Amino acid sequence: MKKTTLLCCLLSMSVLGAWAQAFRPVDKSPMDAAYFPDHFAHDRKDGEKALVRVLYSRPSKNGREVFGKLVPYGKVWRTGANENTEIKFYQDATIQGKKVKAGTYSLFTIPGETEWTVILNSDLDYWGAFKYNQANDVVRFTVPSKKSTEAPLENFSINFPKGTAAIMRIGWDDTIVEVPITF
């Protein structure tokens, strides 16, 4: 009886040990969210509704040359790290005169030295841009890029500056692009 009890305890401990190791380590590029209105989830007031949410992963510069090297010019980029960046419009929107229906889209970009192509695509839940399919683009538009006047951004970031206008700012290293959105 003692041997059976001991065997059951050892078996239970080995099963529990296997379960404890089932978690993956923390990503080097943590996930983040940006809302319009800015900081919506934290500062939400009764009756207020979000208009846009962006879910993205934040790679670090880590001393690397970012645009033109790590992120090549002229090639489709997932706009962040890990899984595709996703942008959710809670209501219909307009970007550069192009209508975008309420819904969730993957956000890709094609960085250039002076301008970026911003792409909303209907394919969701992919890692990287390896399976990007241009045939599923919902809308494309071009925005100018500019050099930041502040210190270089160590981590890739997306935000909507406080204010009444929805402007999605994408920045990393010394580069910033701004995407005006109207509702």
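A look at the nonpolar core
In step 1: Formed by 33 residues in total, the largest nonpolar core has its most connected members in Val54, Ile87, Phe89, Leu120, Met168 and Ile181.
In step 2: Not counting the four nearest positions on each side in its chain, Phe89 is found in contact with Leu51, Val52, Ile95, Val100, Lys101, Ala102, Gly103, Tyr105, Leu120, Ile181 and Phe183.

So, the pairing of strand S11 (residues 175-181)
In step 1: Within S11, 5 of the 7 residues are buried, which leaves the element mostly enclosed by the surrounding structure.
In step 2: Across 3 bridges, strand S8 (residues 137-147) lies against S11 in antiparallel orientation. Looking across to S11, one finds that Lys146 is bridged to Ile176.
In step 3: Hairpin geometry of strand S10 (residues 166-173) and S11 is characterised by an intervening segment of 1 residue between the two adjacent antiparallel strands.

Examining the side chain of Ser57
In step 1: Structurally, Ser57 can be placed in strand S2 (residues 52-57).
In step 2: With near-sequence residues (within four places) excluded, Ser57 lies in contact with Ser29, Pro30, Met31, Gly80, Ala81, Asn82 and Phe156.

Details of empty space enclosed by the protein
In step 1: The full count for this structure, using the stated rule, is 1 cavity of 30 Å³ or more.
In step 2: Considering only enclosed or pocket space, the largest cavity measures out at about 40 Å³ in volume.

What to know about unusual backbone geometry
In step 1: Backbone geometry places Gln96, a non-glycine residue, at a positive phi of 50 degrees.
In step 2: Position of Gln96 among the secondary structure elements: in the loop between strand S4 (93-95) and strand S5 (98-100).
In step 3: Exposure remark for Gln96: the relative accessible area of 44% places this residue in the partly exposed category.
In step 4: The phi dihedral of Asp173 falls on the positive side, at around 60 degrees, and the residue is not glycine.
In step 5: Mapped onto the elements of the fold, Asp173 is located in strand S10.
In step 6: What makes Asp173 buried here is its relative accessible area of 10%.

Notes on the layout of surface pockets
In step 1: Of the voids in this model, the largest pocket is the one considered here, and its volume is about 400 Å³.
In step 2: As for the largest pocket, its lining consists of 19 residues, of which Pro59, Leu70, Trp77, Arg78 and Gly80 are closest to the centre.
In step 3: For the lining of the largest pocket, the per-class residue count stands at 10 nonpolar, 5 polar and 4 charged.

Some thoughts on the sheet that holds S2
In step 1: Reading across from one edge, S1-S2-S3-S6-S7-S8-S11-S10-S9 is the order of the 9 strands in this open sheet, with antiparallel pairing throughout. On the outer flanks of this sheet lie strand S1 (31-36) and strand S9 (153-159), each paired with one strand and no other. Ignoring strand direction, the axes of neighbouring strands in this sheet form an average angle of 25 degrees.
In step 2: Pairing of strand S7 (residues 115-121) with S8, which is carried by 7 bridges, proceeds in the antiparallel orientation. Its bridge partner being in S8, Asn121 is matched across the sheet by Asp137.

Parameters and conventions
- Residues numbered from 1 in each chain as written.
- Predicted model: local features only at pLDDT ≥ 70, side-chain atom pairs only at ≥ 80, totals over all residues.
- Heavy atoms only, no water.
- Core = buried A, V, L, I, M, F, W, Y, C linked by side-chain atoms within 4.5 Å.
- Buried < 20%, exposed > 50% of the residue type's maximum accessible area, 1.4 Å probe, protein only.
- Contact = heavy atoms within 4.5 Å.
- Helix = DSSP H or I, 4+ residues; strand = E, 2+ residues; numbered from the N terminus.
- Pairing = 2+ DSSP bridges.
- 1 Å grid on protein atoms, 1.4 Å probe; cavity = no way out; pocket = protein on both sides within 12 Å on 5 of 7 lines; lining within 4 Å.
- Points joined across faces, edges and corners; volume = space filled by probe spheres on them.
- Nonpolar A, V, L, I, M, F, W, Y, C, P; charged D, E, K, R; others polar.
- Axes fitted to C-alpha atoms, helices over the stretch in contact; angles between N-to-C directions.

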